[in-house]
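What follows is each chain in one-letter form.
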Amino acid sequence: MSTRPTGRRTRAALALTALLGSAALAGIPATTAAAADGALTVQYRTGSGGATADQSEPWFKVRNTGSAPVRLSQVKVRYYFKADSPNASYRFACSWAVKGCSAVTGTFGTLAHPTATADRYLEIGFTASAGSLAPGADTGDMQLRFHRADWQTLRQSDDYSFNGAQTAYADWDKVTAQLAGATVWGAAPEGNDPTDPTDPTDPPGDGRTLFDDFDYTSHTDPAISAHGWSVRSNSGGPGVPGATWDPSKVTFSASGGNSVMNLETSTAGTGASTRHTEVLTKSMKFRNGTYAARVRFSDTPKHGPDGDRVVQTFFTINDLKAPMADDYAEYDFEYLPNGGWGEPANILYTTSWETYDPDPWQAVNQHSESRQSFAGWHDLVVTIDDSAITYYVDGRHFGTHDAAYLPERPMSINFNQWLIDLDGQTSTTPRAYDQQVDYVLHVKDQVLTPAQVSARIDAYRSAGTSFVDEVPAP
């Protein structure tokens, strides 16, 4: 349990006013493969061939064997293995890649139908910066590895996709490759084809999902309200006193067939010149389940001097009925690129709130943090079940918070960007910061892994679905 300064809570307390009242796109993932006839092969070798090892080292090359280019952002490769124990957790790393390790992602998933040689998989994906593969081209070497989170020795000789004798690259059909959601290479362990109807790559259609690709024309697009969103325009906190919450600073742009929402926050060093932005659901109907969003954080302004104490967020919240009311709930991702709340530099918080009293200040919460830069695109996932709240960033576990902080009532889903104060940068030169949002997903009463979240997003986009809201009103 921890508390944070009054200024931080001012954001949550005054954001309830909004709750009740209501750029450049390089690096955005494309939504479809460029080639309808695209075909892939995957070559594999091991960098660590022993029956046991400190780390498993599956190395890959992916080749385009079709007749048209393939966008790598639409490619997923799965390596299947047997966990050493039911509670074992794993960490992914990239040692070296021709495309660059920053262009390669790795997330872990659990198989719906475990076998004697596989109950987990490592899914390799690519960011948009990986580009496309021309016909006949391959990715080049990808030297990947994963290890147990506790660094205990792992056994790989019983893993479905492992071959200790394969120390030179060769085609390997015990890994699978998907292109735009369709399996085009390899065979999964029995009953676990990534595109089986029971796999989370298929849109669920179970009456319990919200998905929005933010495919809108502007903040005045009537579809925004029709889809249950409010673009904040009313006055009040959090942030700089006298600032305006400006709907016109919420914009939408397309790239590669995909739409991205941009929240701009700007100032010229005075409250009257400061513009904050927020987008939130009009309904508080979201409680247990999985929440996910792909968000682009910014460390520096797009123009003007740097240094403002800006807060970039994805969170859920409901209203505080009374000071220290125990049915209040809030779950935050908050990135402070220039510090604030007593922090001198970059920090990402995830915070689970039980309750608070704004005056005199008291708070009951639990948080996790990481003091490093998170500039760029990140996949943010928080899951809530009857036992805990668990946060993930880019497929990696970020923090788990206790059952004492579970929600008693439904909440809204929110994105906002605002300035804590004007003390971090006192210049009167105009400057502006961007926060971008690629998609949002909520699956009611289901705890999904980050890999399953990614699979669902791919399935919606492959099906051409830009919006669905099947979550019933509370």
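Engineer: Would you explain the overall build of the protein chain in this entry?
Structural biologist: Each helix and strand in the protein chain was counted, giving 3 helices and 31 strands. As presented, the protein chain carries roughly 17000 Å² of accessible surface, and 49% of it is formed by carbon and sulfur atoms.

Engineer: Looking at this model, I keep getting lost on the sheet that holds strand S13 (residues 175–179). Mind explaining?
Structural biologist: Taken together, the 5 strands give an open sheet; going across it, the order is S7-S8-S5-S13-S14, and neighbouring strands pair in antiparallel fashion. One side of each edge strand has no neighbouring strand; the edge strands of this open sheet are strand S7 (104–110) and strand S14 (182–185). Pairwise comparison of adjacent strand axes, ignoring direction, gives a mean angle of 30 degrees for this sheet. Relative to strand S8 (residues 120–126), strand S5 (residues 75–81) runs antiparallel, the two sharing 5 bridges. Of the residues in S8, the one forming a bridge with Phe81 is Arg120.

Engineer: Whenever I open this one, the sheet that holds strand S6 (residues 90–97) confuses me. Can you help?
Structural biologist: Read across the sheet, 5 strands follow the order S6-S10-S3-S1-S12 without closing on themselves; strand pairing throughout is antiparallel. At either end of the open sheet lies a strand with only one pairing partner, and these are S6 and strand S12 (170–171). For S6 and strand S10 (residues 142–148), the ladder comprises 7 bridges, and the chain directions are antiparallel. For Phe92, the partnering residue across the bridge sits in S10 and is Phe146.

Engineer: What's the story with the confidence of the model for the protein chain in this structure? I'm lost.
Structural biologist: For residues with low pLDDT, the predicted coordinates do not support detailed interpretation. Across the protein chain, the average pLDDT comes to 87, with 88% of residues at 70 or higher. Per-residue pLDDT stays below 50 along residues 196–207; that stretch engages in 29 contacts with residues further than four places along the chain or on separate chains.

Engineer: Can you walk me through the nonpolar core in this structure?
Structural biologist: A general trend in soluble globular proteins is that nonpolar side chains are found buried together. Phe214, Trp229, Met261, Phe314, Ile413 and Phe415 are the most contacted members of the largest nonpolar core, which has 38 residues in total. No other element matches strand S21 (residues 289–297), which puts 4 residues into this core. When neighbours within four sequence positions are excluded, Ile413 is seen to be in contact with Leu210, Trp229, Val279, Leu280, Thr281, Phe286, Tyr291, Phe314, Phe315, Thr316, Val440 and His442. If you look at the next biggest cluster of nonpolar residues, it comprises 35 residues, including Phe92, Cys94, Leu122 and Phe146.

Engineer: Please explain the side chain of Asn64 as it appears in this structure.
Structural biologist: Tracing the backbone shows Asn64 in strand S3 (residues 58–64). In this structure Asn64 comes out as buried when scored by relative accessible area, which is 0%. Excluding its chain neighbours within four sequence positions, the residues that come into contact with Asn64 are Ala39, Leu40, Pro69, Val70, Leu133, Ala134, Pro135, Gly136 and Ala137.

Engineer: Honestly, the pattern of salt bridges in this entry has me stumped. Any pointers?
Structural biologist: A pair can form between side chains of opposite charge whenever their charged atoms are brought close. All chains considered together, the criterion is met by 22 salt bridges. The salt bridge partner of Glu264 is Lys302, with a shortest N-O separation of 2.6 Å. Pair noted here: Glu264 is in strand S19 (residues 258–267) and Lys302 is in the loop between S21 and strand S22 (310–317), with a separation of 38 residues, a long-range link. Classification of Glu264 as buried rests on a relative accessible area of 13%. A single network of salt bridges, built from pairs that share partners, joins Asp213, Arg294, Asp379, Asp438 and Arg461.

Definitions and limits used
- Residues numbered from 1 in each chain as written.
- Predicted model: local features only at pLDDT ≥ 70, side-chain atom pairs only at ≥ 80, totals over all residues.
- Heavy atoms only, no water.
- Helix = DSSP H or I, 4+ residues; strand = E, 2+ residues; numbered from the N terminus.
- Areas by Shrake-Rupley, 256 points an atom, 1.4 Å probe, with all protein chains shown as cover.
- Pairing = 2+ DSSP bridges.
- Axes fitted to C-alpha atoms, helices over the stretch in contact; angles between N-to-C directions.
- pLDDT = per-residue confidence, 0-100.
- Contact = heavy atoms within 4.5 Å.
- Core = buried A, V, L, I, M, F, W, Y, C linked by side-chain atoms within 4.5 Å.
- Buried < 20%, exposed > 50% of the residue type's maximum accessible area, 1.4 Å probe, protein only.
- Salt bridge = Lys/Arg side-chain N within 4 Å of Asp/Glu carboxyl O.

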